[in-house]
Amino acid sequence: MMPDNTFKRSSIVAIWVWLTLFALLPNLLVLMTSLMQQGDNELVRLQLTLNNYWELFDATYFKIFWHSIDIAAVCTLVCLVIGYPFAYFLARTESRYKAILLFLVIIPFWTSSLIRSYAIVAILKTHGILNSVLLDLGLITQPLHLLYSGVAVIVGLVYSLLPFMILPLYANIEKLDIRLIDAARDLGANRMRVFIRIILPLTLPGIIAGSMLVFLPAMSMFFIPDLLGGAKTMLVGNLIQNQFMSARNWPIGSAVSIILTALMGLMLVIYWRISKNRKEQQGLL
Amino acid sequence: MNRLGKFAYLTAVYLFFYFPIAVLIVYSFNNSQYSLIWHGFTFSWYQQLFADTDLQLVAVHSLLVGVLAATFATVLGTLTAVSLYRYQFYGRKLLHSLIFILIVSPDIVMGISLLILFSTLKITLGFWTLLLSHITFCMPFVSVTVYSRIIGLDKNIFEAAKDLGATDFTIFTRVIIPLLWPAILVGWLLSFTLSLDDVIISFFVTGPDFNILPLQIYSMVRLGVKPEVNALCSVMFGLTLLIVLASQLALRKKQ
Amino acid sequence: MQNIIELKNVAKHFSDHQVLFNINLEVKNGEFLTLLGPSGCGKTTVLRLLSGFETPSNGTIIIDGKDVAGLPPHLRHVNTVFQSYALFPHMDVFENVAFGLRCKHLSQDEIEQRVAEALRMVKLEAYGHRKPQQLSGGQQQRVAIARAVVNKPLVLLLDEPLSSLDYRLRKTMQIELKQLQNQLGITFIFVTHDQEEALSMSDRVVVMHDGTMEQIGTPREVYEEPCNLSVAKFIGEANIFDTKILAADNKTLQVEIENKLFILKNRKKFTVDQTVHVLVRPEDLQVWSPQEVTDTQDMFAATVEQVIYKGCTVDLMLRLLSGKQLLATQFFNEDDEKLDYSTGENVWVNWIPGWEVILPHDA
């Protein structure tokens, strides 16, 4: 018989060793790399410098950042506008088919984004489905060149990331106490007021969680702009990929990654602040 | 909003989700190389697919990594979830946050960080680096899945077990695993899917000798829309569908 | 306006079962009315019909003289205090209480004044900036009340508001709620399954059972003159003797109970051969030790099975020769020579004639 503490001890040690080695250490290395200089043969010269970060303030890099934030923001907004009502209706439905409906949302969530993006390519390309249908119906005379454009990238991103907005929202809305809505109506609130003053504030953690799960990947999933935007669209993800693979400038690539991580950190702080408040409030119910 | 409106909205979004994939699947049976016009039903693309030996090797690689990564990630993830729930230890809150951060982290950040790690430790990129990376990014998902189930248990069971003389290990094997096996299974299935589908992290950490399906698909789709690719994607989608079905059935099991 | 609310032939059914059958009720303006009954009797449904969260399958609901069919909750001048309080967790106490007033677009000054007044009434003036989760259960409950009454509704509906409070707090709140109602003069409709609560607070009690209103009356009427067995058993304890009427005329009737003949007042005009329940409340039973009495002709012989000491009273479980069990409640009383019984003791039991209630056997 194992002494009681061994199992507990070894579990905790195993977990920490693994995470330190493969989660904490690598990120530390990224930070260090971002502070180094590009070496001749592939990597780095062990010379600490903040140069890389200064370089990033250069106009070209700045444009890429800005463009990425722009596209990611649009994508997040579209996902929110489409996803929130969807999650709300789904969470509030009393249909017997609720389990099946949820299942139908989970399938896209589990399916490879690559495959789903490819499906969008098939539809949007010049000789693709959309154009054929529109031409056949006589709605257009010339095929639309939708592929390799900002629009296509956004469509592709929204298509891939919508489930990531819906599921956290769904989880959050499901937990909403319906008695609060009853109480508000009892006190004289019409539907609009109930939504703005009660539902929206209380589902805010879900909105933020969903936004995080959409915004960050939207900036960093390089294969979507690659497939759908062509060479014209370079987002942060493509930039990092480029620096690590082609340009072999790991320090710059690391610096960009650190900035992306910092952005994620910011969003996490906001999320924690808001959900801490909500958690205290949930304790009430 | 009235019921019809809600129903219409939900249907529209569902169509949005499934239409492109349906198109893909339909055209994988189209008896034509390039055209979009329906030229008849054919299995030829699938036959080509399954006859492709290079592709078979790549598929085996993916499945191998998938199964191994899922298994190890499930073990680690389950231990994490149980430890977080049951034990008080130094750094507990930090661990909780770390798991959350790992899930929210963009893949690319994880990908390059692991690349730098392996490069610093002078480990050649290939099977092992891929496996270790996959275990790392799958493990938090298992942890979250199992944890969400474990908090639904009656806390008193553990006290009762201890009262009757069980060690932690016994509690783990005789109480926790039997009670939580649906969540653990779902964790495994989720990890397997994530591993099978991963593009970004694998892109950075695998070597030229060890190719995997998603990267293969990536290079194929960059060349354009082709029926063989349609067939391959359809197969992958079908596989995912089965896995999701299995996981939902597992979760449906009441203790 | 005499009747602030009228329910006429109201019925309600959900897809698989009927919850309310033919409800008729007139609620007087300014009264404290309690709907009393076990879980599932339909009392909460009545409340929800009044507040507008459910629509009746049949019948009319009239509030303040107007038929409210089709009127949604936020347009009715009726407010509810929910069982779980349903305080908005993301707003502080002030904003919670002000919510209804803000919906009416009142001026900030007026809102502040009325909220302060409402908080004063529930003795929470200093708590305006606290969040609900920082308050105790009793305080949360008061906020819920303040939030409802600040809107000066025609009727206040209270859905088992005290059920989650501990004993002492519940007793305090009962008194405070009654005082509040007196102060405000608003009609209160109170729902509870606790009959002691209903009796102590109400002007009138409606006893409900399985979707029907069995009896409507003052607490005294309902307790001392229950109209059927179900009401009698739900409110207070009862010793019930089933028997048949042997002889009857306009004034008296004769029954046999435990092999003894009794002649009782015939208030409800029973006739010969009718089966009836003769009901005696435990506090109306008199228990005597053999030394205390001489004429035991109209008394039952019994053995004490259990003595339950309750502080201000003593309950005695008694077993008659026939095997029937009775419950007697004895009050400590200087006049009573003996109040110290032990199990196994033999005693005599009777009641003062006239204190029984005779009920028809259909219940």
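Residues numbered from 1 in each chain as written. Chains lettered and ligands numbered in written order. Predicted model: local features only at pLDDT ≥ 70, side-chain atom pairs only at ≥ 80, totals over all residues.

Draft legend 1. Molecular detail of the sheet that holds strand 12 (residues 252–257) of chain C. Residue and element names in this part refer to chain C. Reading across from one edge, 13-12-11-14-20 is the order of the 5 strands in this open sheet, with antiparallel pairing throughout. Sheet topology places strand 13 (260–265) and strand 20 (357–360) at the edges, where each strand pairs with a single neighbour. Recorded for the sheet is a direction-independent mean angle of 40° between the axes of neighbouring strands. Sheet topology note: the strand 14 (residues 275–280)/strand 20 ladder contains 4 bridges and is antiparallel. Across the sheet, residue Leu279 finds its bridge partner in strand 20, namely Val357. (Pairing = 2+ DSSP bridges. Helix = DSSP H or I, 4+ residues; strand = E, 2+ residues; numbered from the N terminus. Axes fitted to C-alpha atoms, helices over the stretch in contact; angles between N-to-C directions.)

Draft legend 2. Up close: the arrangement of the chains. Here 2 pairs of chains make contact, and the pair sharing the most contacts is chains A and B. The closest approach of any C-alpha atom in chain B to one in chain C is 15 Å; the two make no contact. (Contact = placed C-beta atoms within 7 Å.)

Draft legend 3. Quick look at the pairing of strand 8 (residues 187–192) of chain C. Residues and elements named next belong to chain C. A large share of strand 8 lies buried, amounting to 6 of its 6 residues. Here strand 8 shows two buried faces, one formed by Thr187, Ile189 and Val191 and the other by Phe188, Phe190 and Thr192. Note: strand 3 (residues 32–36) against strand 8, 5 bridges, orientation parallel. Each bridged residue has a counterpart across the sheet, and for Phe32 the counterpart in strand 8 is Phe188. Both strand 7 (residues 155–159) and strand 8 contribute to a ladder of 5 bridges, which runs parallel. When the bridges of strand 8 are listed, Leu157 appears paired with Ile189. (Buried ≥ 20, exposed ≤ 12 C-beta atoms within 10 Å, placed from the backbone.)

Draft legend 4. Expanded view of the interface of chain A and chain C. Listed per partner, the contact involves 20 residues of chain A and 20 residues of chain C. Broken down by element, the residue count for the side of chain A that touches chain C peaks at 7 residues, all from helix 8 (residues 178–186) of chain A. Along the lines of polarity and charge, the residues of the side of chain A that touches chain C split into 10 nonpolar, 4 polar and 6 charged. (Nonpolar A, V, L, I, M, F, W, Y, C, P; charged D, E, K, R; others polar.)

Draft legend 5. Local environment of the domain arrangement of chain B. All names here are of chain B. Under the domain assignment, chain B is made up of domain 1 (1–42) and domain 2 (52–254). Centre-to-centre, using C-alpha coordinates, domain 1 lies 30 Å away from domain 2. Taken together, the contact pairs 7 residues of domain 1 with 6 residues of domain 2. Residue composition of the side of domain 1 that touches domain 2, by class: 4 nonpolar, 3 polar and no charged. (Domains from an automatic or database assignment.)

Draft legend 6. How the structure looks around the sheet that holds strand 5 (residues 66–67) of chain C. Residue and element names in this part refer to chain C. Strand order in the open sheet formed by 4 strands is 2-1-4-5, and the pairing between neighbours is antiparallel. Whereas interior strands pair on both sides, the edge strands pair on one side only; in this sheet they are strand 2 (18–28) and strand 5. Bridge analysis of strand 1 (residues 3–13) against strand 4 (residues 58–63) gives 5 bridges, and the strand direction is antiparallel. When the sheet's bridge partners are listed, Leu7 is paired in strand 4 with Ile61.

Draft legend 7. Molecular detail of the pairing of strand 1 of chain C. All names here are of chain C. Where strand 1 lies against strand 2, 7 bridges are found, and the strand directions are antiparallel. Residue pairing for strand 2: Lys12 is matched across the bridge by Leu20. Following strand 1, the chain reverses through 4 residues before pairing antiparallel with strand 2.

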